[in-house]
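A closer look at the structure
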Amino acid sequence: PATSTKQPPALRTLFILALLFGIAVAVPAVLLIAPQQSAAPKADSAKIAIATFKDNTGIADLDFAEEGLPHLLGTALKRAPGLEIISNYRLRSVIDSETPSSEEYRASATDQGATFFVQGVLTKAKDKVRVVMNLERLGGGRIKSWTSEVSVKEVPGAVFRAASEISRLTAGSDVQSKNLS
């Protein structure tokens, strides 16, 4: 009698199920890991530190501004290729002060390898809010300052509008090849 090399149906079914299970586990794992690897900052990426925005308005509707506006700016800048964000939370994590000064933020940014530094101030201007944002190259001075006088509701938009120009001035190879200060 001839011997068959075919596997019994139960063993073949078990093998197929194991193969399908392996694929079901491996594919999502690869999909989860791959974007994280591509989103990792490159060695030549510029680092921008975003300090807390000082709110001098006394307007209750802007209580979110000191922490919320830097977060909004960081979120917008994360989309820029070649730019790594050092958040205000990360800057504050190494400062031993409840209310850090600009100098303490700057020192923290320098210690964490930042190339650029952004800070902002909100003040009351009659029935408007004056939003002032400064971008500087650490060790090189101010690059650009933005000033907007807007309604309370327009404050986040003023910060968001500056993000594209900040990205253009700081991200990628332009940072490495141009003296912006």
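Presented here is a report on the structure given in the accompanying data block.

Rules of the game
Residues numbered from 1 in each chain as written. Predicted model: local features only at pLDDT ≥ 70, side-chain atom pairs only at ≥ 80, totals over all residues. Heavy atoms only, no water. 1 Å grid on protein atoms, 1.4 Å probe; cavity = no way out; pocket = protein on both sides within 12 Å on 5 of 7 lines; lining within 4 Å. Points joined across faces, edges and corners; volume = space filled by probe spheres on them. Nonpolar A, V, L, I, M, F, W, Y, C, P; charged D, E, K, R; others polar. Axes fitted to C-alpha atoms, helices over the stretch in contact; angles between N-to-C directions. Helix = DSSP H or I, 4+ residues; strand = E, 2+ residues; numbered from the N terminus. Left-handed = near helix turned anticlockwise from the far one by under 90°. Contact = heavy atoms within 4.5 Å. Pairing = 2+ DSSP bridges. Core = buried A, V, L, I, M, F, W, Y, C linked by side-chain atoms within 4.5 Å. Buried < 20%, exposed > 50% of the residue type's maximum accessible area, 1.4 Å probe, protein only.

Another aspect to go through is the layout of surface pockets. Reported here for the largest pocket is a volume of approximately 270 Å³. Residue lining of the largest pocket: 16 residues in total, with Thr52, Lys54, Glu66, Pro100 and Tyr105 positioned closest to the centre. Partitioning the lining of the largest pocket into residue classes produces five nonpolar, six polar and five charged.

Attention shifts here to the packing of helix H2 (residues 65–77) against helix H5 (residues 155–170). Relative orientation of the contacting elements H2 and H5 amounts to 40 degrees, with a least axis distance of 9 Å. Like other packed secondary-structure pairs, H2 and H5 cross with a definite hand, here right-handed. For the pair H2 and H5, contact is made by Leu69, Leu72, Leu73, Ala76 and Leu77 and by Val155, Pro156, Val159, Phe160, Ala163, Ile166 and Ser167, respectively. Looking at the contact of H2 with H5, its residues break down into 11 nonpolar, one polar and no charged.

Right, let's talk about the pairing of strand S6 (residues 141–150) for a bit. Alignment of strand S5 (residues 128–137) against S6, held across nine bridges, turns out to be antiparallel. Bridged to Arg137 within S6 is Gly141. In this antiparallel pair of consecutive strands, S5 and S6, the connection spans three residues, and Gly139 shows a positive phi of 85 degrees.

For the rest of this paragraph, the subject is the nonpolar core. If you look at the biggest cluster of nonpolar residues, it comprises 32 residues, and the most contacted ones within it are Ile48, Leu73, Leu77, Val131, Met133, Leu135 and Ile166. Residue assignment for this core shows that the elements contributing at least two residues are strand S1 (46–50), H2, strand S3 (83–86), strand S4 (116–125), S5, S6 and H5. Top contributing element to this core by residue count: H5, with seven residues. Those residues in contact with Ile48 that sit more than four places away from it in its chain are Leu77, Leu83, Glu84, Ile85, Ile86, Phe116, Val118, Leu135, Ile166 and Thr170. Counting 10 residues, the second-largest nonpolar core is a separate cluster that includes Ala49, Ala109, Phe117 and Leu138.

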